[in-house]
Amino acid sequence: MKIRVAAQATTVVLFALVMGVFWGTWFSLSRTMDQLSGETFIAVGHQMIQNLGVPMAVLLPLALLSALVTLVLLWPARTAAFWWLAAGFALMVAALVITLAVEVPIDNQIETWTAATLPGDWRSIQSRWELWHTIRTFASIAAVVAATISAVVAPRPSQPPTTKAVPPGRAVAGDRSA
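Residues numbered from 1 in each chain as written. Predicted model: local features only at pLDDT ≥ 70, side-chain atom pairs only at ≥ 80, totals over all residues. Heavy atoms only, no water.

> Can you break down the packing of helix α1 (residues 2-28) against helix α4 (residues 122-152) residue by residue, with the values?
At a minimum axis distance of 9 Å, the contact between α1 and α4 shows a crossing angle of 155°. With respect to each other, α1 and α4 are oriented roughly antiparallel. The handedness of the crossing between α1 and α4 comes out as left-handed. Of the residues assigned to the contact of α1 with α4, the class counts are 13 nonpolar, 8 polar and 2 charged. (Axes fitted to C-alpha atoms, helices over the stretch in contact; angles between N-to-C directions. Helix = DSSP H or I, 4+ residues; strand = E, 2+ residues; numbered from the N terminus. Parallel < 35°, antiparallel > 145°, perpendicular 65-115°, else oblique. Left-handed = near helix turned anticlockwise from the far one by under 90°. Nonpolar A, V, L, I, M, F, W, Y, C, P; charged D, E, K, R; others polar.)

> Requested: an account of the layout of surface pockets, with residues and values cited.
Put simply, the largest pocket is a space of about 530 Å³. In this structure, the largest pocket is lined by 27 residues; those nearest its centre are Leu52, Thr99, Val104, Asp107 and Arg136. Elements supplying a minimum of two residues to the lining of the largest pocket: α1, α2 (38-74), α3 (80-112) and α4. Among the residues making up the lining of the largest pocket, the classes are represented as 16 nonpolar, 8 polar and 3 charged. (1 Å grid on protein atoms, 1.4 Å probe; cavity = no way out; pocket = protein on both sides within 12 Å on 5 of 7 lines; lining within 4 Å. Points joined across faces, edges and corners; volume = space filled by probe spheres on them.)

> Can you explain the environment of phenylalanine 15? Please cite residues and give values.
On the secondary structure map, phenylalanine 15 appears in helix α1. Residue class for phenylalanine 15 comes out buried when judged on its relative accessible area of 0%. With 49 residues separating them along the chain, phenylalanine 15 and leucine 64 place their C-alpha atoms 8.1 Å apart. Beyond its immediate stretch of four places on either side in the chain, phenylalanine 15 contacts Ala63, Leu64, Ala67, Gly88, Phe89, Met92, Ala143, Val144 and Ala147. (Buried < 20%, exposed > 50% of the residue type's maximum accessible area, 1.4 Å probe, protein only. Contact = heavy atoms within 4.5 Å.)

Written as structure tokens, this is what we have:
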């Protein structure tokens with residue numbers, strides 16, 4: 001029980017850290033990238049890629065690994081907690097697929113650009129990156145919500161509760177308050 005709770009808590013925290021990176025860049029910068037000059041866009045883009053590339057290459061797989069371990073721990077009972085976390089896991093996998101299939105290839109292009117070599121269609125490339133970043137951000141938010149619900153839903157008891165009628169004024173066995 002304690003291992004499962006620790007695994008669920010770890011997964012929620014790691015999912016939240018991943019989501020925080022996506023949300024932070026979307027909320028603070030990405031929504032205004034289309035207003036930057038080409039030179040500023042390249043400078044900011046290069047810095048973001050440098051700052052986030054390696055940490056996210058570790059953090060996102062670690063979050064997914066934590067979720068997999070937690071899913072294995074939840075598997076035997078297959079309660080609502082399992083299914084909520086499975087949904088969160090699928091959403092975070094979707095964020096990873098978007099990252100690897102769309103965002104990283106665009107980032108790799110941006111890394112080669114300079115103010116002198118900025119392609120004529122850089123705004124459309126930036127818009128495509130932004131669209132997919134928005135989808136990825138909201139998928140990760142939904143993943144955190146699902147993982148959090150998974151951690152707080154009441155687990156199904158292994159045995160149905162037993163209730164015994166106790167006459168008024170009589171103590172229940174083991175109750176030391178009487």
